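Reading the structure
Below are the chains, spelled out letter by letter.
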Amino acid sequence: MKGRPELYTSYAQDMAFLNTRPKRTWTGALVVVALLVPFAITDDLLMLLATGFVAAIGAIGLNIVTGYAGQVSLGHAFFLAIGAYTGAALSGDPDGRVLGFGVTSLPVWLLASGLVAGLAGLVVAPIAARLRGLYLAIVTLGLVFLGEHVFREWTSLTGGPGVGRPAAVPELFGVRLDRPSEFFSGPQQLYLLMFVLLVIFAVLARNLVRSRIGRAFAAVRDRDLAAAVIGVDLTRYKALAFAVSSFYAGVAGSLLFVVNGFFDPGSFGLLLSVQYIAMVLIGGAGTISGAIMGALFITLLPRITRELPTVLPFISADATGAVTVFQVEAVLYGLLIVVFLIVEPRGLFGIWVRVRNYWRTWPFSY
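Here the structure is a predicted model, which is why all the values come from computation and not from measurement.

**Focus: the overall build of the protein**
The number of helices and strands found in the protein is 16 helices and six strands. Taken over C-alpha atoms, the radius of gyration comes to 21 Å for the protein, in line with the 21 Å a tight globule of 366 residues would show. Dimensions of the protein, computed from C-alpha atoms along their principal axes, come out at roughly 65 × 50 × 50 Å. Burial statistics for the protein: of 366 residues in total, 46% are counted as buried. Total accessible area on the protein is roughly 18600 Å²; 68% of this is exposed by carbon and sulfur atoms. Once the 26 positive and 19 negative side-chain charges of the protein are each reduced to a mean point, those two points are 15 Å apart.

Here's what the structure looks like:
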């Protein structure tokens, strides 16, 4: 309504995806800036941001099962690995040293990676639906160690520890997106591809959590016994949360190593799961925007810590020193999780909300 931009006269207006003019303006501005970034920064930063976009897709998936449905999962690395090896095997060279089927079309292997990982999530879901809290966390943690053993021994698929295999081939309509074209460099094309995919999967997730299914997830998270009393099928919605989360993890896993083109079974250890937990908690559990913020923050964190030796001489840039940048990174993950849980439980998204509300009411304090 003119003059009253936040006065809604229908439920549909209140539930609209971008229901205010400032939201539409800022979202449009962010998209424009993101599309201009490839022409303003170096290729190595573009590859880093492309990796961050892929990590954000995986973080959104983990946020669905943990932040929205309230099911603690430490096994995200397992589902990322399933997606990565599904995509790599489908697009791999049939005559190569590892398993490959030569299906290089990106939409085919991307969708297949998500579906196979989602199916794995459905297999785990009946067990997970009977557990909660610490017990569920331990069971999903076991998946990581199980996956490490299976992928380490299945050398015909993975190439074996320390050897690895090539990642999935990003080919669309016969064009290799990881190679220079007439108008764009390889890093620019990968950046734009990952950005478009992030927007698609973020919009899909946002619509999911705004739907009846999303409200059921929230009811299970807040109080599962009360949700069961009002008619929410706990087993069904917990299974659905795990399946959707695993699908997103599979998609992210298949794309994660496209940027550097190579990976091995050691890439999917417990640290990877911890990194994704950090993305959700630092960004803000239960928010799609928070998952994206957290993923970009954690992805850019190693780049920042690599500069520490120039500022703090007692930190070594290689593995020979008493205190190395790798040790600092590992400590920072845990430290940041603890600090955000205590100081700002809503994460980076909560900080953004505070800043936004301050300027919305400025110069008044109420």
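**With respect to the side chain of Gln275**
One can find Gln275 in helix 12 (residues 270-283). With residues near it in sequence (within four places) discarded, Gln275 still touches Ile298 and Tyr333.

**Comments concerning the nonpolar core**
Core analysis: the largest hydrophobic core is formed by 94 residues, its most contacted members being Ile57, Ile60, Met194, Leu255, Phe268 and Tyr276. For this core, the element with the highest residue contribution is helix 3 (residues 43-68), accounting for 14 residues. Ignoring any residue separated from it by four or fewer positions in sequence, one finds Met194 in contact with Ala50, Phe53, Val54, Leu255 and Val258.

**A look at the layout of surface pockets**
Approximately 1800 Å³ is the volume found for the largest pocket. Taken together, 44 residues line the largest pocket, and the ones lying closest to its centre are Leu18, Thr27, Leu30, Ser289 and Phe349. When residues of the lining of the largest pocket are traced back to their parent elements, those giving at least two are helix 2 (21-36), helix 3, helix 8 (186-209), helix 9 (212-222), helix 13 (288-305) and helix 16 (347-361). For the lining of the largest pocket, the residue count by class is 29 nonpolar, seven polar and eight charged. Quantified by volume, the second largest pocket comes out at close to 660 Å³. If you trace the second largest pocket, you find 25 residues lining it, with Thr51, Gln275, Thr299, Pro302 and Tyr333 closest to the centre.

**Overview of the packing of helix 4 (residues 76-91) against helix 6 (residues 133-153)**
One can describe the packing of helix 4 onto helix 6 by two numbers: an axis separation of 8 Å at closest approach and a directional angle of 35°. Packed against helix 4, whose contacting residues are Ala77, Phe78, Phe79, Ala81, Ile82 and Tyr85, the element helix 6 presents Leu143, Val144, Gly147 and Phe151 at the interface. Its residues assigned to classes, the contact of helix 4 with helix 6 shows nine nonpolar, one polar and no charged.

**Some thoughts on empty space enclosed by the protein**
For the coordinates displayed, the defined rule picks out one cavity of 30 Å³ or more. If you list the elements that add at least two residues to the lining of the largest cavity, you get helix 4 and helix 11 (234-256). Top contributing element to the lining of the largest cavity by residue count: helix 11, with three residues. Within the lining of the largest cavity, the residues separate by chemical class into three nonpolar, four polar and no charged.

Analysis parameters
Residues numbered from 1 in each chain as written. Predicted model: local features only at pLDDT ≥ 70, side-chain atom pairs only at ≥ 80, totals over all residues. Heavy atoms only, no water. Helix = DSSP H or I, 4+ residues; strand = E, 2+ residues; numbered from the N terminus. Rg over C-alpha atoms; globule rule 2.2 N^0.38 Å. Buried < 20%, exposed > 50% of the residue type's maximum accessible area, 1.4 Å probe, protein only. Areas by Shrake-Rupley, 256 points an atom, 1.4 Å probe, with all protein chains shown as cover. Lys, Arg positive; Asp, Glu negative; His and termini not counted. Charge placed at Lys NZ, Arg CZ, Asp CG, Glu CD. Contact = heavy atoms within 4.5 Å. Core = buried A, V, L, I, M, F, W, Y, C linked by side-chain atoms within 4.5 Å. 1 Å grid on protein atoms, 1.4 Å probe; cavity = no way out; pocket = protein on both sides within 12 Å on 5 of 7 lines; lining within 4 Å. Points joined across faces, edges and corners; volume = space filled by probe spheres on them. Nonpolar A, V, L, I, M, F, W, Y, C, P; charged D, E, K, R; others polar. Axes fitted to C-alpha atoms, helices over the stretch in contact; angles between N-to-C directions.

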